[in-house]
Structure formats: C-alpha cells, structure tokens
Amino acid sequence: AARRLLGLATGMAETAVSLFYEKVLHDSPSPLLVERRGGQVAATAEVLETAAAAAATPFLCGAAITHADIAMAAAMRFVTEAHPGLLDVAALPALARRCAALEAMEAFQAIQQPFIPPS
C-alpha cells in the first residue's frame, strides 16, 4: 500500500512539473495538454484524499512515517504553490489535514523551502 501511494504522489508531482513547464516554456501552451495534465493532478489528489480519509492511523500506512507520507506532503506543497487554484484544497480535507500535520513536524520545518519559479 505504501509503494502504491508513493507512486501516486510522485507521479502527481511529476505531472505537475510537466504542466508547469508546458505553461512556462511555450509561448502558446497546448490547451489539450494543460487540461489533461491538470485533470491528472486533480484525479490523483482525489485518490490520495480517499487514502488519507481511510487511514485510521497517524500516517497513511501505520504508526510510522513512510516515504508515501513524505512524497504526499511534498507533492501537495509543490502543486499548490506552482499551480495556485488548480486543486480545490477545501474539497480535500483529509489530505490537507494530513499534509499540514506532516509539514508541522520539526523535520519538515527544518528543510522546507518556498517554490521559486525559474526566471
């Protein structure tokens, strides 16, 4: 389960990076690609929301933090900073709550950095 969620979270992040560069590097971004990538990110966030809501433990897959938790929080941070408004975070309450709890951890606080788009 952890590997599945890890794959979903990292895939969402990679898709969001692809979407970002499509918008930034092209004078005329492909509307089809922008729509498709945005839909893929949103659909993956919904799957992560379902998993976050279903987890009855402190972390996604038990009492200990896993790579899946870290990837989920990092991916959500990137998506919300690189693509403001792409996701309706209010419609993802369990995911938002878990990500906020993870980002409040000392280890996250020590290494977090704001997204600074390339110029």
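Just above sits the structure.
As a starting point, this report considers the structure included with it. (Residues numbered from 1 in each chain as written. Predicted model: local features only at pLDDT ≥ 70, side-chain atom pairs only at ≥ 80, totals over all residues. Heavy atoms only, no water.)

**Section: the packing of helix 2 (residues 31-54) against helix 4 (residues 93-103)**
- Closest axis-to-axis distance for the helix 2/helix 4 pair is 7 Å, and the angle between their directions is 75°. Comparing the axis directions of helix 2 and helix 4 gives the class roughly perpendicular. Contacts from Ala45, Leu48, Glu49, Ala52 and Ala53 of helix 2 reach helix 4 at Pro93, Ala94, Leu95 and Arg98.
- In terms of residue class, the contact of helix 2 with helix 4 is made up of 7 nonpolar, no polar and 2 charged. (Axes fitted to C-alpha atoms, helices over the stretch in contact; angles between N-to-C directions. Helix = DSSP H or I, 4+ residues; strand = E, 2+ residues; numbered from the N terminus. Parallel < 35°, antiparallel > 145°, perpendicular 65-115°, else oblique. Contact = heavy atoms within 4.5 Å. Nonpolar A, V, L, I, M, F, W, Y, C, P; charged D, E, K, R; others polar.)

**Some details on the packing of aromatic side chains**
- Scanning all chains against the criterion turns up 3 aromatic pairs.
- When the ring of phenylalanine 20 is compared with that of phenylalanine 115, the centres are 5.3 Å apart and the planes differ by 90°; the resulting orientation is edge-to-face. Of the two residues, phenylalanine 20 is situated in helix 1 (residues 2-25) and phenylalanine 115 in the segment after helix 5 (106-111); the sequence distance between them amounts to 95 residues.
- Consider the rings of phenylalanine 78 and phenylalanine 115, whose centres lie 5.2 Å apart with planes at 90°: the pair is edge-to-face. (Phe/Tyr/Trp six-rings, centres within 6.5 Å; stacked < 30°, edge-to-face > 60°.)

**Brief notes about the side chain of arginine 98**
- Among the secondary structure elements, arginine 98 is positioned in helix 4.
- Although arginine 98 lies buried, it forms no salt bridge, and the closest oppositely charged side chain, aspartate 69, sits 5.4 Å away as judged by the N-O distance.
- Discounting residues that sit within four places of it in the chain, arginine 98 has contacts with Ala52, Ala55, Ala56, Thr57, Pro58, Phe59, Leu60 and Met72. (Buried < 20%, exposed > 50% of the residue type's maximum accessible area, 1.4 Å probe, protein only. Lys, Arg positive; Asp, Glu negative; His and termini not counted. Salt bridge = Lys/Arg side-chain N within 4 Å of Asp/Glu carboxyl O.)

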